[in-house]
Amino acid sequence: MALKPCKVCGTLNAEGVETCLSCGHAPEGTKKPAIFRYVAIALIICLALPLLSGLLNLILLKLKPESPTPSQSQVSLQENHYPTC
């Protein structure tokens, strides 16, 4: 006697059983509609996109060299270079 999983709930049942002992449906019942699979894939993509974009942004920031900031003396020289009225 072999055991086969129920296509509705996944419980193992004997091969000749007409109804599943756990859920009461026929063990060869129909699978869930494909729309559930597509919705699950879309949900995973929506949750993964912010994570992937954050990682990409972090990698790009690490690769981009920092621009040198002017020191205080350079800033004061630039301010004094232009005469004020």
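Residues numbered from 1 in each chain as written. Predicted model: local features only at pLDDT ≥ 70, side-chain atom pairs only at ≥ 80, totals over all residues. Heavy atoms only, no water.

Caption draft 1: Just the state of the cysteines, in detail. Scanning the entire structure with this criterion turns up 0 disulfides. With no disulfide partner, Cys20 has as its closest neighbouring cysteine sulfur the one in Cys9, 3.6 Å distant. A disulfide-free cysteine, Cys23 has its sulfur positioned 3.7 Å from the sulfur of Cys20, the nearest such atom. The exposure class assigned to Cys23 is partly exposed, which follows from its relative accessible area of 29%. (Disulfide = S-S within 2.5 Å. Buried < 20%, exposed > 50% of the residue type's maximum accessible area, 1.4 Å probe, protein only.)

Caption draft 2: Region of the structure containing the environment of Glu28. Examined against the element boundaries, Glu28 turns out to sit in the loop between strand 2 (12-14) and helix 1 (34-63). What makes Glu28 exposed here is its relative accessible area of 54%. Along the sequence, Glu28 and Lys7 sit 21 residues apart, while their C-alpha atoms lie 5.9 Å from each other. (Helix = DSSP H or I, 4+ residues; strand = E, 2+ residues; numbered from the N terminus.)

Caption draft 3: Region of interest: helix 1. Given a rise of 1.5 Å per residue, 30 residues ought to cover 44 Å, and the 42 Å separating the end C-alpha atoms of helix 1 matches this to within 8%. The sharpest bend along helix 1 reaches about 30° and sits at Ala48, with the proline Pro50 one to four residues further on. In terms of burial, helix 1 is a largely surface element, 0 of the 30 residues being buried. (Expected span 1.5 Å × (residues − 1). Bend = angle between axes of the 7 residues up to and from the residue.)

Caption draft 4: A look at the side chain of Asn13. With respect to the helices and strands, the residue Asn13 is situated in strand 2. A relative accessible area of 2% means that Asn13 is categorised as buried. Of note is the side chain of Asn13, whose polar atom sits 3.4 Å from the backbone oxygen of Thr11. When sequence neighbours within four positions are dropped, the list of residues in contact with Asn13 reads Ala2, Leu3, Lys4, Cys6, Cys20, Leu21 and Pro27. (Polar contact = N/O pair within 3.5 Å; in protein donor to acceptor, adjacent residues only side chain to side chain. Contact = heavy atoms within 4.5 Å.)

Caption draft 5: Focus on the confidence of the model for the chain. For the chain, the mean per-residue pLDDT works out to 80, and 74% of the residues sit at or above 70. The spread of mean pLDDT over the elements of the chain runs between helix 2 (residues 72-81), the lowest at 58, and helix 1, the highest at 92. (pLDDT = per-residue confidence, 0-100.)

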